[in-house]
Amino acid sequence: MPDVEDVLDAAGLRNEAVRAYVAHWAGVTGAERIEVVSAADDARLVREALDAGEIEPAGEGRYYSRSYYKDTARSEERTVVATSNPSDKGVYNNWRPSEEMKPLLEDKMRGQLAGKTMYVIPYLMSPPGSPLEKYAAGVELTDNRTVVLHMIRMARVGIDLINELAEPDHFVRAVHVTGDLPNLGQGTADDQRWFVTVADERTILHYGSSYGGNALLGKIAHGLRQAAYDGWASRDFLSEQFMLIGITDKQTGKKWHVCGGFPSASGKTNLAMMLAPEGLGDRYHVSFYGDDIAWLWVDPSDGRLYGMNPEFGVFGVAKDTNERTNPTALESVAERTEVLFTNVAYNTDTHEVWWEGKTPAPPSDVTGWHDWKGEKISDRSARDDSPWAHPNSRFTTTLANVPNVAEDFEDPKGVPIDGIIFGGRTSDREPLVRAITDLAEGVYDGLTLGAEATFAAEGVDGQLRYDPMSMRPFMAYAEGDYAEHWLRIVGAATEQPIFAHVNWFQKDPDDGHFLWPGYRDNLRPLLWLMQLKDGEVTGRRTPVGILPTEEELDLTGMDVPQEDLDRVLSIDVDRWRQEMGFREEHLQQFDRLPESIWEAHRRVTAALEEG
Ligand code: GTP
Ligand code: SPV
Ligand code: MN
């Protein structure tokens with residue numbers, strides 16, 4: 001055991017509360033070495049990781065890493081929010097008592113760092129100076145150097161961020177221990193992994209994974225779960241799995257800001273990186289603020305709802321990223337961006353990377369190519385057509401590398417929010433866009449957001465896997481309280497944002513093609529929404545919201561079959577009536593759901609009954 005005091009002195013880590021926390025966990029885990037890291041250590045850590053074979057070169061300033069093959073995604077079943085108050089139990093937060101989970105995790109972690117280094121990562125989940133900065137400080141402890149490299153890209157990392165806290169004890173204690181990955185029984189009855197946020201103690205204890213959301217604790221565990229809990233407990237703010245963009249009309253100089261939730265792998269990163277489509281690029285520009293998390297609050301000085309992205313980087317889905325779908329993403333991972341690729345396919349001779357959808361077909365010469373498990377493609381049988389890259393393979397790059405990042409993306413003031421959108425993957429029923437002007441109805445719409453069950457066993461035909469506000473995997477407290485908190489925060493804004501439900505994924509029931517081309521063309525319904533908010537268009541009222549008329553939607557430069565357009569701009573009342581029954585069952589699960597949400601549900605139901 002090193003002398004912790006000496007190491008922390010030498011590193012210049014002065015915050016006494018942080019020092020005591022590091023000393024405690026060094027003792028529990030039995031770490032052989034302790035190293036405090038800052039972003040300035042990145043180049044050295046990259047070299048060490050290359051030397052140790054933890055990452056491999058993938059072109060200049062690009063690196064490849066592979067996680068254990070049973071460790072490639074978040075695990076919702078093993079994720080728990082613990083508190084000491086049983087009324088925090090909701091439907092989706094897997095609540096457990098703190099007194100049960102804390103000793104269990106401490107036991108799992110005990111002695112696990114014998115012979116290993118414990119990296120100490122002081123970080124901030126906000127631009128410095130943000131009004132929410134006091135909720136943003138954290139210190140992650142991890143035994144995994146690749147996790148450190150990811151954290152440096154995904155959060156602001158440095159000792160200075162933690163030395164001078166206004167309240168020295170007010171930081172999130174985030175402990176990550178990888179564990180012996182081949183022996184953790186992932187997905188079996190004997191699963192050893194636990195991903196626990198002890199929310200009322202602002203402590204995160206994650207054991208048994210080195211994958212993204214399980215291991216980069218600033219991002220999901222702190223940035224979403226802990227922050228959602230803090231925002232509610234303090235009554236100060238909301239934390240949501242939202243993207244956040246700016247839309248500028250270059251002709252008038254007007255700028256709008258839109259944020260919104262889409263369940264995981266449903267298009268947030270792609271929307272945030274969107275270039276204006278063919279025919280509209282001269283007039284409009286989309287700027288990137290965030291692609292996965294937004295914190296929202298009301299600024300008392302002007303009474304408006306503000307939003308900001310607490311992250312510093314992008315952890316994006318690689319699959320189907322190409323020049324047509326998302327050129328912005330490709331540019332943000334170009335040479336010299338210091339990007340990390342995880343679980344894509346890798347060529348050990350040429351150091352190239354590849355994923356499904358990067359090019360129409362995989363490289364024809366398979367020499368040197370390895371799949372995401374590290375197996376040679378040339379060893380595959382002819383019948384093996386399994387993907388080369390894992391479907392959840394990802395790239396990790398900093399916001400500054402994103403070509404359309406907003407010039408004020410680090411402004412601690414945040415940006416005023418004009419619109420809040422929700423969107424899932426829905427193959428029928430949900431039109432391209434339907435606007436909602438009433439707050440309770442907007443919150444109701446978010447609560448009934450869902451994505452289609454991916455295989456039959458997961459759900460009833462035609463029934464969504466509901467994912468309230470796209471927060472199902474990140475819900476930190478009871479859903480009824482969550483709805484009430486939404487009404488409180490957004491309701492306090494003097495200028496109300498407009499809500500909308502969008503859907504890029506409606507399909508032709510006969511041949512299954514997407515009725516809307518999606519990607520860049522998704523700007524078109526958002527422009528309509530902003531024009532509706534500004535009173536420039538009126539749309540067409542339906543029982544489930546206001547839809548654009550065909551004339552109102554700017555389709556310049558676009559060629560979409562009339563039949564498809566008609567379908568994405570209409571409401572299937574019978575399907576909607578069926579959906580209302582499912583919604584009722586879904587909402588009935590929630591304790592303390594505000595009456596105004598039920599009223600919204602009854603209003604929509606009655607309007608549908610009238611036709
Ligand atoms: P998380 O990082 O998991 O939270 O995902 P995300 O919501 O940021 O999703 P992302 O933008 O990475 O998209 C996931 C997948 O959906 C990718 O494979 C995209 O290519 C695909 N996708 C995104 N937008 C569209 C769209 O407008 N139309 C279609 N058809 N596919 C899309
Ligand atoms: C998601 O799964 O929604 C992500 C990736 O954004 S992870 O950080 O792994 O949760
Ligand atoms: Mn996400």
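Residues numbered from 1 in each chain as written. Chains lettered and ligands numbered in written order. Predicted model: local features only at pLDDT ≥ 70, side-chain atom pairs only at ≥ 80, totals over all residues. Heavy atoms only, no water.

A. Representation of the packing of helix α11 (residues 439-447) against helix α12 (residues 479-491) in the model. Close contact between α11 and α12 brings their axes to 10 Å; oriented N to C, the two are set at 140°. Taken together, α11 and α12 sit at an angle that is classed as oblique. Relative to α12, α11 is oriented so that their crossing is right-handed. Facing Leu 439, Ala 440, Val 443 and Leu 447 of α11, the residues of α12 in contact are Tyr 482, Ala 483, Trp 486, Leu 487, Val 490 and Gly 491. Grouping the amino acids of the contact of α11 with α12 by side-chain chemistry returns nine nonpolar, one polar and no charged. (Axes fitted to C-alpha atoms, helices over the stretch in contact; angles between N-to-C directions. Helix = DSSP H or I, 4+ residues; strand = E, 2+ residues; numbered from the N terminus. Parallel < 35°, antiparallel > 145°, perpendicular 65-115°, else oblique. Left-handed = near helix turned anticlockwise from the far one by under 90°. Contact = heavy atoms within 4.5 Å. Nonpolar A, V, L, I, M, F, W, Y, C, P; charged D, E, K, R; others polar.)

B. Here's a closer look at the environment of Pro 468. By the secondary structure assignment, Pro 468 is in the loop between β28 (464-466) and α12. On the accessibility criterion, Pro 468 (1% relative accessible area) is buried. Put simply, Pro 468 and Arg 156 are 312 residues apart on the chain and 29 Å apart in space, counted from C-alpha to C-alpha. With residues near it in sequence (within four places) discarded, Pro 468 still touches Tyr 92, Gly 446, Leu 447, Leu 449, Met 475, His 586 and Phe 590. (Buried < 20%, exposed > 50% of the residue type's maximum accessible area, 1.4 Å probe, protein only.)

C. Fine view of the packing of helix α15 (residues 573-588) against helix α16 (residues 595-610). At a closest axis distance of 10 Å, the pairing of α15 and α16 adopts a crossing angle of 160°. Here α15 is positioned roughly antiparallel relative to α16, judged by the angle of their axes. Remark: the crossing between α15 and α16 carries left-handed chirality. When α15 is examined against α16, the residues Val 573, Trp 576, Arg 577, Met 580, Arg 583, Glu 584, Leu 587 and Gln 588 are found in contact with a partner set consisting of Trp 598, His 601, Val 604, Thr 605, Leu 608 and Glu 609. By residue class, the composition of the contact of α15 with α16 is seven nonpolar, three polar and four charged.

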